[in-house]
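Structure at a glance
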Amino acid sequence: MHQSPVLPPLHMYGILGTPLAQSLSPAIHNRAFASLGHPGAYFAWEKQDSELPAFFEAVRGLPIAGLSVTIPHKRTVMAFLDEISPEARRAGAVNTVFRRNEQLVGDNTDVEGFLWPLCAREAALPSAGLVLGAGGACRAALAGLSALGMTNLVVAARN
């Protein structure tokens, strides 16, 4: 009798936001999973604010291991999470959700990503800074610069 091979459990991941038609995240992540032999699949979940309560209820019951969060939900998702990292709390925004045991944890990887090249410099950082743009990444930049001790920060944006 022929037995089917036992497959490892599928790990689901995805990007949450709207609009997502332009997002390359599913193609990039699924190609990476395939090349690494990772039993994962990455989806695009385009949701409106009104759909978030039901979406997060479903997330808790499905094998979803992580979410990338983009506009316009970086602040809104915080209400649906069990824990918020210090970086996400300082930035006031979440761009990554992952599971820790049965808890949904929100983090902001933009803060570390923004700080990495600044901290790698050997030159001293100035005491003042200018951030161009007031979108979601601005919050991460301001949180990072504040953590470095910059107290004179200016944000310039079109609107």
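The structure this text deals with has already been given above.
A brief report on the enclosed structure follows. (Residues numbered from 1 in each chain as written. Predicted model: local features only at pLDDT ≥ 70, side-chain atom pairs only at ≥ 80, totals over all residues. Heavy atoms only, no water.)

1. Some details on unusual backbone geometry
So the rule is basically this: Strands are runs of DSSP state E lasting at least 2 residues, helices are runs of H or I lasting at least 4, and numbering of each runs from the N terminus.
For the bond running from T18 to P19, omega is 0 degrees, close enough to zero to count as cis. Among the secondary structure elements, P19 is positioned in the loop between β1 (11-17) and α1 (25-36).

2. Quick word on the packing of aromatic side chains
Our working rule: Pairing of aromatic side chains here covers Phe, Tyr and the six-membered ring of Trp, requires ring centres within 6.5 Å, and sorts the geometry by plane angle: under 30 degrees stacked, over 60 edge-to-face, intermediate tilted. Partly exposed residues are those whose accessible area sits between 20% and 50% of the maximum for their type, while under 20% is buried and over 50% is exposed, using a 1.4 Å probe and protein chains only.
Counted according to the given criterion, the structure contains 5 aromatic pairs. Relative to F33, the ring of Y13 lies with its centre 5.2 Å away and its plane at 45 degrees, an arrangement referred to as tilted. Within this pair, whereas Y13 is found in strand β1, its partner F33 is found in helix α1, the two being separated by 20 residues in sequence. Arranged with centres 5.3 Å apart and planes meeting at 0 degrees, the rings of F56 and F80 form a pair that is stacked. Placement of F56 in helix α2 (residues 52-61) and of F80 in the loop between β3 (64-69) and β4 (83-84) is noted, with a sequence separation of 24 residues between them. The class of F56 is buried, set by a relative accessible area of 2%. Residue classification places F80 among the partly exposed positions, given a relative accessible area of 23%. Aromatic rings pair up to connect F43, W45, F55, F56 and F80 into one cluster.

3. Some words on the pairing of strand β5 (residues 96-100)
Put simply, the rule is: Any two strands are treated as partners once DSSP identifies two or more bridges connecting them.
Both β3 and β5 contribute to a ladder of 3 bridges, which runs antiparallel. Bridge assignment links S68 to a residue of β5, and that residue is T96. As paired strands, β5 and strand β6 (residues 103-107) are joined by 5 bridges and run antiparallel to one another. Its bridge partner lying in β6, F98 is registered against V105. The loop that links β5 with its antiparallel partner β6 comprises 2 residues; one of these, N101, has a positive phi angle of about 60 degrees.

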